[in-house]
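# Summary of structural features
Below are the chains, spelled out letter by letter.
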Number of protein chains: 2
Amino acid sequence: METERKSSGTVGKALSVLDQVASFERPVRFNDVLEDSPFPKATLYRILQNLVTEGLLTFDREWQTYSLGVRLVRLAHSAWTQSSLAPVARPHLTALSEATGETIHLAQLDGPHVLYLDKRDAKRRITMFSEAGKVGPAYCTGVGKAMLAFLPKDELERILPQQSYHRFTPATLCSQQALTGELEQIREHGFALDREDHEPGIICVAVPVLSRTKQMMGAISITSTSARTSLGKLEKLVPDLQNAASEIATAAEYWRFPDNQRTPEKMEI
Amino acid sequence: METERKSSGTVGKALSVLDQVASFERPVRFNDVLEDSPFPKATLYRILQNLVTEGLLTFDREWQTYSLGVRLVRLAHSAWTQSSLAPVARPHLTALSEATGETIHLAQLDGPHVLYLDKRDAKRRITMFSEAGKVGPAYCTGVGKAMLAFLPKDELERILPQQSYHRFTPATLCSQQALTGELEQIREHGFALDREDHEPGIICVAVPVLSRTKQMMGAISITSTSARTSLGKLEKLVPDLQNAASEIATAAEYWRFPDNQRTPEKMEI
DNA sequence: CCTTTGGTTCCGAATAGTGAAACTAATATT
DNA sequence: AATATTAGTTTCACTATTCGGAACCAAAGG
């Protein structure tokens, strides 16, 4: 389930190493990295050193281990607050969660994966950093399918073959063909269902967040368990979801022009 | 207050551009970046393109703007959960905040700055992603001074001249000399005080988190207002703080060896 | 003492990055 | 309508970085 990026250029190589270190999920020694690295010893060594001096990795002298550097956390804070839908969506997610009493997700696409940017859990109302930033598969989650369905054709064609199509449950759509058919349906209805595709007992409805120009910006979903509710009941919440989605979209549109730069009037072309 | 990194090598240059884009705090057009960039047009252009294809930036075709890419959020999630003190410290921070009823911070150094990794606010008990990742000055915050005081001499000498020494309040220590003196005190007492150095009315006590080998790993603090409490009362909480700090340190130590790799026994050299 | 394992350094060859300048596509100006 | 200006993109000869095989070093194991 690792992201395979076309790592051209020097930065690409460096980042692929960074990703690899991240994938270990613990501090690693030089040899651990070397073992499944496409790079020869000397090259890898230099790349790691570079990453350390750039602050993307930290090197623990005592243990001779590399781990991800705090500089990333700082960058991500900026990324989260400015580039994504997350900050503008926040109040709407809260409202949705209070109105429905269910779990809410906000996600965007990161390459072929779904990246969760925010989450509201109805029970303990707490959103932690450790929740945002998680990745999941696109082909078998509500938000994933909702987003794929509204992607431009060329991008979709690039992403579909990159899905793993692993069978998680009996309901998982395990082939590109099956998925394409489902996406067609979703496009028609305007919303996606997760019929326990990913986890047994977990169901959800999701809608895309579309800009004024019908560009897909992300997706939001309401998740529950098949024990507590049913797909039918969830479908009744679709209007609320769509409402929230369009509010988020317009909020995001405005949010780009706090006061300076191009004026909102100019948008009306 | 911008971080000036020695951007040698190709990745360094790319990252400096990334930082620059981040510093705008809004989507930017090519020319905005060009205007105060050390790089010539063509070079900057290519660097930006690289960053986009690497997913560190996203390019909005409609508006022709660059903003930080979601890939950073994913990386930061890994960074937060694995490289930093944050995950192991979490339960201890919660405990502290419940015991004292005050605001708790966990911070590490990111170059010359303080980077906040977690926060517990006593009132509305909510920790949001948008809180972690914030940066602040080191020379005039409790956590900052606590960390500087326990830094190895050579590192300290590199970092001290990089502080801005801006006067925020009458109590701010505005010179390297004044700061050095204070650090001496802190080293003696084992804890740092923020006597409204940074914000009027805001006071705090902070202690460093030190590893078994006395390496400085971060700092934690209890913050309050001068209206609600006093420095004297805060000082009474130092033992609790130090307790938490040492628990965090040992937890972090163990956390490095979930099961595999070097065994804990080997640590006893 | 020799060998193995893990990590670091060298240096010529190969590659990727550089940036002045030319070009295009949109406004704005005369 | 013709021209100037501004913003963004492409080209290409030049050059600085990066690459990586091989040699080297240091510590642990026999």
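Everything numeric here is computed off the predicted structure, so don't read it as measured data.

## Focus: unusual backbone geometry
Even without being a glycine, Tyr165 of chain A presents a positive backbone phi close to 55°. Looking at the secondary structure, you find Tyr165 of chain A in the loop between α7 (153-159) and α8 (176-189). Residue class for Tyr165 of chain A comes out buried when judged on its relative accessible area of 15%. For Glu25 of chain B, which is not a glycine, the phi torsion comes out positive at approximately 60°. Assignment of secondary structure puts Glu25 of chain B in the loop between α1 (9-24) and α2 (30-35).

## Overview of the protein's contact with DNA strand C
Every one of the 15 residues lining DNA strand C counts as a neighbour, but Arg29, Asn31, Lys41 and Tyr45 of chain A together with Arg46 of chain B are closest to it. Near the protein, within 4 Å, the atoms of DNA strand C are sugar or phosphate in 67% of cases. Interatomic distance of 3.2 Å between a side-chain N/O atom of Thr10 of chain A and a phosphate oxygen of DNA strand C. Residue Lys41 of chain A places a side-chain N or O atom 2.6 Å away from a base nitrogen belonging to DNA strand C. Only α1 (9-24), α2 (30-35) and α3 (41-53) of chain A together with α1 and α3 (41-53) of chain B provide two or more residues apiece to the surface near DNA strand C. When its residues are assigned to classes, the surface near DNA strand C shows 5 nonpolar, 6 polar and 4 charged.

## Regarding the packing of α1 of chain B against α3 of chain B
All names here are of chain B. Here α1 crosses α3 at 85°, and the two axes come no closer than 10 Å. In this view, α1 runs roughly perpendicular relative to α3, as classed from their interaxial angle. The segment α1 lies against α3, with Lys13, Ala14, Val17, Leu18 and Val21 engaging Leu44, Ile47, Leu48 and Leu51. For the contact of α1 with α3, the per-class residue count stands at 8 nonpolar, no polar and 1 charged.

## Things to note about the packing of α1 of chain A against α1 of chain B
As a packed pair, α1 of chain A and α1 of chain B sit with axes 9 Å apart at the nearest point and diverge in direction by 90°. By the angle class used here, α1 of chain A and α1 of chain B are roughly perpendicular. Facing α1 of chain A, whose interface residues are Thr10, Val11 and Ala14 of chain A, α1 of chain B presents Thr10, Val11 and Ala14 of chain B. Grouping the constituent residues of the contact of α1 of chain A with α1 of chain B by class yields 4 nonpolar, 2 polar and no charged.

## A few points about the pairing of strand β6 (residues 192-195) of chain B
Residue and element names in this part refer to chain B. Strand direction decides the pairing type here: β6 and strand β7 (residues 202-210), joined by 4 bridges, are antiparallel. Each bridged residue has a counterpart across the sheet, and for Arg195 the counterpart in β7 is Ile203. Between β6 and β7, which pair antiparallel one after the other, the connecting turn spans 6 residues, and Glu196 there sits at a positive phi close to 60°.

## Looking at the sheet that holds strand β4 (residues 113-120) of chain A
All names here are of chain A. Pairing is antiparallel across the open sheet formed by 6 strands, whose spatial order is β5-β4-β3-β8-β7-β6. The open sheet terminates on both sides in strands that have one partner only, identified here as β5 (135-137) and β6 (192-195). On average, each strand axis in the sheet is tilted by 30° relative to the strand beside it, whichever way the strands run.

## Topic: the protein's contact with DNA strand D
Near DNA strand D lie 15 residues; those nearest to it are Arg46 of chain A together with Thr10, Asn31, Lys41 and Tyr45 of chain B. By atom count, sugar and phosphate contribute 70% of the portion of DNA strand D lying within 4 Å of the protein. At 2.9 Å, a backbone N or O of Thr10 of chain B approaches a phosphate oxygen of DNA strand D. In the environment of DNA strand D, a phosphate oxygen lies 3.3 Å from a nitrogen or oxygen atom belonging to the side chain of Arg29 of chain B. Sorting the residues of the surface near DNA strand D by element identifies α1 and α3 of chain A together with α1, α2 and α3 of chain B as the ones contributing at least two each.

Basis of the calculations
Residues numbered from 1 in each chain as written. Chains lettered and ligands numbered in written order. Predicted model: local features only at pLDDT ≥ 70, side-chain atom pairs only at ≥ 80, totals over all residues. Heavy atoms only, no water. Helix = DSSP H or I, 4+ residues; strand = E, 2+ residues; numbered from the N terminus. Buried < 20%, exposed > 50% of the residue type's maximum accessible area, 1.4 Å probe, protein only. Near = heavy atom within 4 Å. Polar contact = N/O pair within 3.5 Å; in protein donor to acceptor, adjacent residues only side chain to side chain. Nonpolar A, V, L, I, M, F, W, Y, C, P; charged D, E, K, R; others polar. Axes fitted to C-alpha atoms, helices over the stretch in contact; angles between N-to-C directions. Parallel < 35°, antiparallel > 145°, perpendicular 65-115°, else oblique. Contact = heavy atoms within 4.5 Å. Pairing = 2+ DSSP bridges.

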